[in-house]
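Structural overview
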Amino acid sequence: MKNIYLILGLSLSGKAASFFLLNQRKNIRVIAIEDNLKEDTEVKLLKKQNVKIFNSIDFIENFSDFNKIKKVIISPGFNPEAKIVKIIKKNKIEIFSEIELGARFLKENKIYKNKIIAITGTNGKTTLTKLIEHILNENKIKAKGLGNIKIPFTSYLTKSFFKNNNVENQRETFILELSSFQLEKMKTKFLDVAIITNITEDHLDRYPNFKAYAKAKLRIVKCLKNDKNLYVTKKVLKSFIVNNSKINIKEIKEDIEDVAIKICLDLKIAKKNILSALKTFKPLEHRIEFVREIKGVYFYNDSKATNAASVIYAVKKIKGSIILIVGGKDKGFSYRIWNKQFKDNVKYVLAIGESSKKIKKELIGCRVQIIKDLKTAIEKAFSLAKKEDRVLLSPGCSSFDMFKNYEHRGDSFKKFVRILGDK
């Protein structure tokens, strides 16, 4: 009898987990649930490999082998309160994440001998992941950033261990960016290094409160091997209980470059070599990204800023008077934290999207205008700007009310700014 694995959600990680299981060439059958199925190349390939794909209702009503399901792998974006999840829990079938699937594979097979570094935090984790990856590779240490950075862990394992047949020669360091959604369903102790950059309010549209969100982030501690290092800020240590006496706690500053330097020094890379690598690191798109200057007005794209704290970070980083474009799909936290932070250098706030009315209501003492869309907001910002002003898109919200994702939002901002400059 084949072991049935159920995949909840065929996003990047769900597809990756499916192919990973199919490539193990064991007695495995894969089935999947996806309510918004897109018939792309990967979905067609899964179907060719006899992966049956259901929507939630059809599965609940028609799937007859429910008691034969061995494990369930849930994608980060799949609703944890969905009816099918409640049924799975009622039947006491184990649910875990795609990252956990890869972690168990490595641990069970005892085939990976290099370090696995994991990074979580509300802000800065992608940049830190890429920065450490860059420093290691520049110093002839083969490394790859994976996970929430949009390269699924198991897709890379499939390529490395099954398709290239180079298990014994594998000496690559993995740097895993882990979101709270991924960490919710992880427990295997497989990390050599864990880093928590910060924990501030986010995703309160998914979690009942900030405490629950923080608890998910702190699960990274449970995945750290005994006697290994947890790098964590003083603020996190003061605010939350890090309950594990079998690990080493190392305090870090709330500065991405400083953290990268500290980690790489502990990996025995000479400081001069680290600093040399930092000089060749290219900043990531959509993160306080300079777009262009038009008639003395400077435009910055910080579309990746999807929570209140990340907007504050951007406002502090950019010098000069700012006309700030914010708003999008509300994530459940308050914007009142901005009042104190904006008073020194934010001249105007232009609010767009579903959250615009809430932002206008909660910002007291700021000049806030509600604007119908991003293009109009850019044009309005330019009309308000004086020479040497900065126009900053740093939304503090998710993008899904008006855009496909934060990249789509950031790319649209850059396109509209270029059009503006060509007029």
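Our structure's up above, just so we're on the same page.
In this report, we go over the structure that sits alongside the text. Please read all numbers here as calculations on a predicted model, not as lab measurements.

Focus on the pairing of strand S10 (residues 224–233)
Of the strand pairs in this sheet, strand S9 (residues 191–196) and S10 are connected by five bridges, and their pairing is parallel. Across the sheet, the residue bridging to Ile195 is Tyr231, located in S10. Between the parallel pair S9 and S10, the chain is carried across by helix H9 (residues 210–217), and the sense of this crossover is right-handed. Viewed along the sheet, the connection from S10 through helix H10 (residues 234–239) into strand S11 (residues 248–252) turns out right-handed.

Digging into helix H2 (residues 41–48)
If you check the start of H2, you find a side-chain oxygen 3.3 Å away from the backbone N of Glu42, and it comes from Asp40. Positive phi shows up at Asn50, right after H2, with a value of about 65°.

A word on unusual backbone geometry
In this structure, Lys295 is a non-glycine residue whose phi angle is positive, near 50°. Residue placement: Lys295 occurs in the loop between strand S12 (289–294) and strand S13 (297–301). Notably, Glu388 is not glycine yet its phi reads approximately 80°, a positive angle. Its location among the elements puts Glu388 in the loop between helix H16 (374–384) and strand S17 (390–393).

Details of the sheet that holds S17
By way of backbone hydrogen bonds, the strands of a sheet pair with one another, either parallel or antiparallel. The six strands lie next to each other as S12-S13-S17-S14-S15-S16, forming an open sheet whose pairing is mixed. In the strand order of this sheet, the two ends are held by S12 and strand S16 (368–370), each with one partner. Adjacent strand axes in the sheet meet at a mean angle of 20°, parallel and antiparallel pairs treated alike. Judged from the four bridges that link them, S13 and S17 form a sheet pairing that is parallel. Each bridged residue has a counterpart across the sheet, and for Tyr300 the counterpart in S17 is Leu392. Strand contacts of helix H13 (residues 308–317): strand S14 (322–326), strand S15 (346–351) and S17, with the helix running at about 160° to S14, the strand carrying the most contacts. Its contacts with the sheet put H16 on S12, S13, S14, S15, S16 and S17, and the angle it makes with S15 is roughly 160°.

A short note on the sheet that holds S11
Across the sheet, six strands lie side by side as S7-S8-S6-S9-S10-S11; this open sheet has parallel pairing. Only two strands of the sheet have a single neighbouring strand rather than two, namely strand S7 (143–147) and S11. Across the sheet, the axes of successive neighbouring strands diverge by a mean angle of 20°, strand direction being ignored. One ladder, built from five bridges, connects S7 with strand S8 (residues 173–177); its direction is parallel.

Focus on a positive patch on the surface
Together, Lys107, Lys189, Lys211, Lys215, Lys222 and Lys246 line one region of the surface with positive charge. Among the structural elements, Lys215 can be located in helix H9. Relative accessible area serves as the criterion here: at 63%, Lys215 is assigned to the exposed category.

Here's the deal with the state of the cysteines
Scanning all chains against the criterion turns up zero disulfides. Between Cys397, a cysteine without a disulfide, and Cys366, which holds the nearest cysteine sulfur, the sulfur-to-sulfur distance is 15 Å.

Parameters at a glance
Residues numbered from 1 in each chain as written. Predicted model: local features only at pLDDT ≥ 70, side-chain atom pairs only at ≥ 80, totals over all residues. Heavy atoms only, no water. Pairing = 2+ DSSP bridges. Helix = DSSP H or I, 4+ residues; strand = E, 2+ residues; numbered from the N terminus. Right-handed = clockwise from strand over helix to strand, strands pointing away. Polar contact = N/O pair within 3.5 Å; in protein donor to acceptor, adjacent residues only side chain to side chain. Axes fitted to C-alpha atoms, helices over the stretch in contact; angles between N-to-C directions. Contact = heavy atoms within 4.5 Å. Patch = residues over 30% accessible without salt bridge, like charges linked within 9 Å, V, L, I, M, F, W, Y side chains within 5 Å. Areas by Shrake-Rupley, 256 points an atom, 1.4 Å probe, with all protein chains shown as cover. Salt bridge = Lys/Arg side-chain N within 4 Å of Asp/Glu carboxyl O. Lys, Arg positive; Asp, Glu negative; His and termini not counted. Charge placed at Lys NZ, Arg CZ, Asp CG, Glu CD. Buried < 20%, exposed > 50% of the residue type's maximum accessible area, 1.4 Å probe, protein only. Disulfide = S-S within 2.5 Å.

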